[in-house]
Each structure stands twice: as structure tokens, then as C-alpha cells.
Amino acid sequence: MKISNYDEVGIYPLDPEVQEELLNVQNECAFVWGTKDHWPVGVMMSYVWRNGSFWLTATSQRKRVAAIRRDPRCSVIVSGVGTPIGPARTATAKGRCILHDDEETKAWLYPAIAKAIMGGDGELTDMFAKMLDSERRLIFEVVPEKWITYDATKMMKDSIESWTAAHEEG
């Protein structure tokens, strides 16, 4: 596709299979919520992508927990930096957060988060999962409602084609 500027990059979304791969290979995201006075704020958090939701965890005294209880709207931003997907690809999900504290969810999530952070199975991963299982810990399930994705590799391909065509035309 011939392009002449970068004013509209929304024409370069991630392909669905690339988006799914990104969400599965990355383990860190920016979790963003709104404060009482409506300011957006966010932190980097580890996550697991499973069954179409982001799964994260934090303890109940964190400010984000009170904010989510007040207003469950949030967003999650995932970058391909540090993954085989590459740094030029991102996915942002606007969604709502559901807080969980049931044993069944904790039983699968803590080992999954520990494995994602520690890079595999083993004694240290098991110890990390056990440390997560604390009295005040909650689980965040972010259910995406809208996606905003971007694939700069597509834009670069079109840019090179456009630059080459312009050069050949003189």
C-alpha cells in the first residue's frame, strides 16, 4: 500500500494470530485504572493470558484495588519488547476488571504466574508460587471489551515500498 505520511497508523493492526501469540509469549503489561479524581495511572504488572482474559495479582492494600472496586474500567497494554514478536508490535485492551479471591482460581493462577515470571518449572518457581499465596492477595481478571493494536512492521513494509517507488519515479 502506498503511503505518504504517518498520520493514520490505525490501518496497521496486529493480525489476530500475531496478537494471540504476543499475549501468550509476553508476561508483563501496563495495568491502567482511574483515580478518584479521574486521573489515569498505571503500573507494570506480570500477567497470564488465559481463556480470553488477562489474569494478574496484587494485595488488597494497593490503591488500584480500591480504584477497581469503585470503577472496574481499566486497560492493559502489552508490548512485544523482549519477546520474539519484536518491539514494534503492541496490543491495548480496554476492559473491566473482576476481583477474585476464591481458592480454585488461586490454585491455578499462582503457579501459572510464577512459571511466567521465573521462566519455567522448578523448585524456585514452586517457592515463588507459595509466596504469592498470602492472606491479602487478590486476583484481577481483566475481560477485554475493545482492542487497539498496532503492527509497525506492516507500516515499515509499506514505507519501504513507497520510498522505493518515489526514488524510481525520480
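In what follows, the structure referred to is the one given above.
All values derive from a computational prediction rather than experimental measurement.

Asks: Please clarify how the side chain of Arg-89 should be interpreted in this entry.
Replies: Summarising the element assignment, Arg-89 is placed in strand E6 (residues 89–100). Within the structure, Arg-89 has its side chain in polar contact with the backbone oxygen of Ile-85 (distance 3.4 Å). There is a polar contact of 3.1 Å between the side chain of Arg-89 and the side chain of Asp-151. In contact with Arg-89, other than residues within four places in its own chain, are Leu-14, Val-18, Leu-22, Val-78, Ser-79, Gly-80, Tyr-150, Asp-151 and Thr-153.

Asks: Please clarify how the pattern of salt bridges should be interpreted in this entry.
Replies: Pairing between side chains of opposite charge can happen when their charged atoms approach one another. A complete count under the given rule lists six salt bridges for this structure. Between Asp-15 and Lys-154 there is a salt bridge whose closest N-O contact spans 2.8 Å. Within this pair, whereas Asp-15 is found in the segment before helix H1 (16–25), its partner Lys-154 is found in helix H5 (residues 152–169), the two being separated by 139 residues in sequence. By relative accessible area, Asp-15 is classed as partly exposed at 31%.

Asks: Would you mind going over the layout of surface pockets with me for this structure?
Replies: Gaps left between atoms are located by rolling a probe of water-molecule size over the structure's atoms. Here the largest pocket defines a volume of roughly 240 Å³. Around the largest pocket, the lining residues are Val-32, Trp-33, Gly-34, Thr-35, Lys-36, His-38, Pro-40, Arg-70, Asp-71, Arg-73, Cys-74 and Ser-75. Only strand E1 (28–34) and strand E5 (73–79) provide two or more residues apiece to the lining of the largest pocket.

Conventions used here
Residues numbered from 1 in each chain as written. Predicted model: local features only at pLDDT ≥ 70, side-chain atom pairs only at ≥ 80, totals over all residues. Heavy atoms only, no water. Helix = DSSP H or I, 4+ residues; strand = E, 2+ residues; numbered from the N terminus. Polar contact = N/O pair within 3.5 Å; in protein donor to acceptor, adjacent residues only side chain to side chain. Contact = heavy atoms within 4.5 Å. Salt bridge = Lys/Arg side-chain N within 4 Å of Asp/Glu carboxyl O. Buried < 20%, exposed > 50% of the residue type's maximum accessible area, 1.4 Å probe, protein only. 1 Å grid on protein atoms, 1.4 Å probe; cavity = no way out; pocket = protein on both sides within 12 Å on 5 of 7 lines; lining within 4 Å. Points joined across faces, edges and corners; volume = space filled by probe spheres on them.

What is shown is where atoms sit, not what they do.
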